[in-house]
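Each chain, letter by letter, is given below.
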Amino acid sequence: MSKIRTRFAPSPTGKMHVGNLRTALYEYLIAKHEDGTFILRIEDTDQERYVDGAIDIIYRTLEGTGLIHDEGPDKDGGYGPYVQSERMASGIYLEYAKKLVEKGSAYYCFCTKDRLASLKKAVGNVDDDEEDEVKEIIKYDKHCLYLSKEDIEKNLADKIPYVIRQNIPLEGTTSFHDTIFGTITVDNEELDDMILIKSDGFPTYNFANVVDDHLMKITHVVRGNEYLSSTPKYTRLYQDFGWEEPIYVHLPLITNEDHKKLSKRSGHSSYEDLLEQGFLSEAIVNFIALLGWSSPNNTEIMSLSELIRDFDYRGINKSPAVFDMVKLRWMNGEYLKMMDEDDFYKIALPYIKEAIHKDLDYRRIASLVKTRIETLCDIGSMVDFFNELPEYDVEMFTHKKMKTNSENSLNALTELLPRFEALEEYNEASIESVIMSYISEKQIKNGQGLWPVRTAVSGKQSTPGGAYEIMSILGKDESLARIRIAIDKLSKAV
RNA sequence: GGCUCCAUGGUCAAGUGGUUAAGACACCGCCCUUUCACGGCGGUAACAGGGGUUCGAAUCCCCUUGGAGUCACCA
């Protein structure tokens, strides 16, 4: 059996959507699991939607996620060019379309937009409530198929704009086989004569895709489920050309929490957005790998190489998967916890510095925060109290489980303050011994001594680290100043 | 609306004719603990409904219902 060749064929129209990313991931996994070739092809046939810089995003995403392609615009593997606009320059698409015209499988169409518009038919629940979207659909009536040879020649000579359409028979059925969904059959009557070559001379995605997949010897065509309904038309193209069809792998849709296809507005729709929201590349990849597939040995946290090892596309499931942000957050937290201290420090530092504008022990802060966050963006609100004591209510000194209240706290802080002041060596160990000896002296619960102190120096209900850590990071002056503020607050309240 | 696809807990997801129907996230409780987390232990929660086939259906077939996708000179 020949080696697997898969291709990722994005169009450079903006950000990298997670649906696209998952497609890329599965294409990569399918190829790499069997030591095959993963190809990048840029489908830039839509000039209107082309966005500058979008190609860079594609490269950066592939690199950032570790989905390294073996062939692509920057890596010639003998099947180039790998950018469709460049391929078009050689005229191949038009050439292939003309072959189809000769066979009668395609034809020139000179219909104007106006005529096409007159064919439109409103559809949907027009009279139901406004909720339903009303669409207009067209099924082309093959008007130009019946033009005489002379008329066609004349129109061409007169430079009347034209497109080339696929000629689909009115009768019969077309079937194709998909690895995930099985055999699907549709009536040809349902199939529209889709446009192969646009009036600007560019091929449509549909056409370029088929031609290029064939020419590049793609063995497995992997794409989103939304292409399922146009696949029969591709099948007809393959048949008309007399080409062997690739193995189809249509992936289940990724939806938002409303079970609708992920759209631009979902907020978590693109890889870039996710990075911006403090997620790690590895976690994102791991998470989306599990949208539609699960490991046979039931593990969930998997590196890319483990995915390559265990991935079997035959086990992909059919039903759509909701993109669950909550689980992604959990998984990201797991990745954060697994990181070694140095690596974590490096990536956490910018977030810490953004929240703290003082020269504190960032390293220590990072290690305190590491096991308590799910995304890097959680860091800010967790450490900002180091920068400035927040406003807080004296009620915070009252804690049932710790058995503290304002009175206890006032006593503890008042007695502790001079002892802290007297400290020559101010560090975690010495702070601890001051507090602990006070606790044993007074025969009180740990919480009764520690809660007031931690609350006083942080002004927060919960903090990364406890009283000793916070006081030592804050430094003596700042810590004591905060304790004095607390004593002041408390004496007014009691 | 036509066509196509899908259907196990709130979510992801095992399961492929015989199971007490896994596991994970989330949620709840308990333990640990100087708070919150982390960690540990436990719990709530599912085969959409109805017909068949079969000794036996989550698993096979049909219908119903629900959901989604698609119907462009977009990809």
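Residues numbered from 1 in each chain as written. Chains lettered and ligands numbered in written order. Predicted model: local features only at pLDDT ≥ 70, side-chain atom pairs only at ≥ 80, totals over all residues. Heavy atoms only, no water.

### Some details on the protein's contact with RNA strand B
- Lining the immediate environment of RNA strand B, one finds 63 residues, of which Lys-198, Lys-260, Lys-261, Glu-300 and Arg-372 sit closest.
- Sugar plus phosphate: this is where 67% of the atoms of RNA strand B within 4 Å of the protein reside.
- At 3.4 Å, a side-chain N or O of Asn-317 approaches a phosphate oxygen of RNA strand B.
- A distance of 3.1 Å separates a phosphate oxygen of RNA strand B from a polar atom in the backbone of Val-322.
- Elements represented by at least two residues in the surface near RNA strand B include exactly β5 (135-137), β8 (182-187), α7 (205-215), β13 (321-322), α12 (325-338), α18 (446-458) and α19 (467-474).
- Residue composition of the surface near RNA strand B, by class: 24 nonpolar, 21 polar and 18 charged. (Near = heavy atom within 4 Å. Polar contact = N/O pair within 3.5 Å; in protein donor to acceptor, adjacent residues only side chain to side chain. Helix = DSSP H or I, 4+ residues; strand = E, 2+ residues; numbered from the N terminus. Nonpolar A, V, L, I, M, F, W, Y, C, P; charged D, E, K, R; others polar.)

### Points about a negative patch on the surface
- On the surface, Glu-171, Asp-187, Glu-189 and Glu-190 cluster together into a negatively charged patch.
- Structurally, Glu-190 can be placed in the loop between β8 and β9 (195-197).
- Accessibility expressed as a relative area gives 58% for Glu-190, which makes it exposed. (Patch = residues over 30% accessible without salt bridge, like charges linked within 9 Å, V, L, I, M, F, W, Y side chains within 5 Å. Areas by Shrake-Rupley, 256 points an atom, 1.4 Å probe, with all protein chains shown as cover. Salt bridge = Lys/Arg side-chain N within 4 Å of Asp/Glu carboxyl O. Lys, Arg positive; Asp, Glu negative; His and termini not counted. Charge placed at Lys NZ, Arg CZ, Asp CG, Glu CD. Buried < 20%, exposed > 50% of the residue type's maximum accessible area, 1.4 Å probe, protein only.)

### Topic: the confidence of the model for chain A
- Chain-level statistics for chain A give a pLDDT mean of 93 and a share of 97% at 70 or above.
- We note a pTM of 0.94 for the whole complex and an ipTM of 0.95 for its interfaces. (pLDDT = per-residue confidence, 0-100.)

### Description of the environment of Ile-473
- By the secondary structure assignment, Ile-473 is in helix α19.
- Take Ile-473: its relative accessible area is 6%, and that puts it in the buried class.
- Leaving out residues up to four positions away in the same chain, Ile-473 has contacts with Leu-360, Arg-364, Ile-365, Leu-368 and Phe-386. (Contact = heavy atoms within 4.5 Å.)

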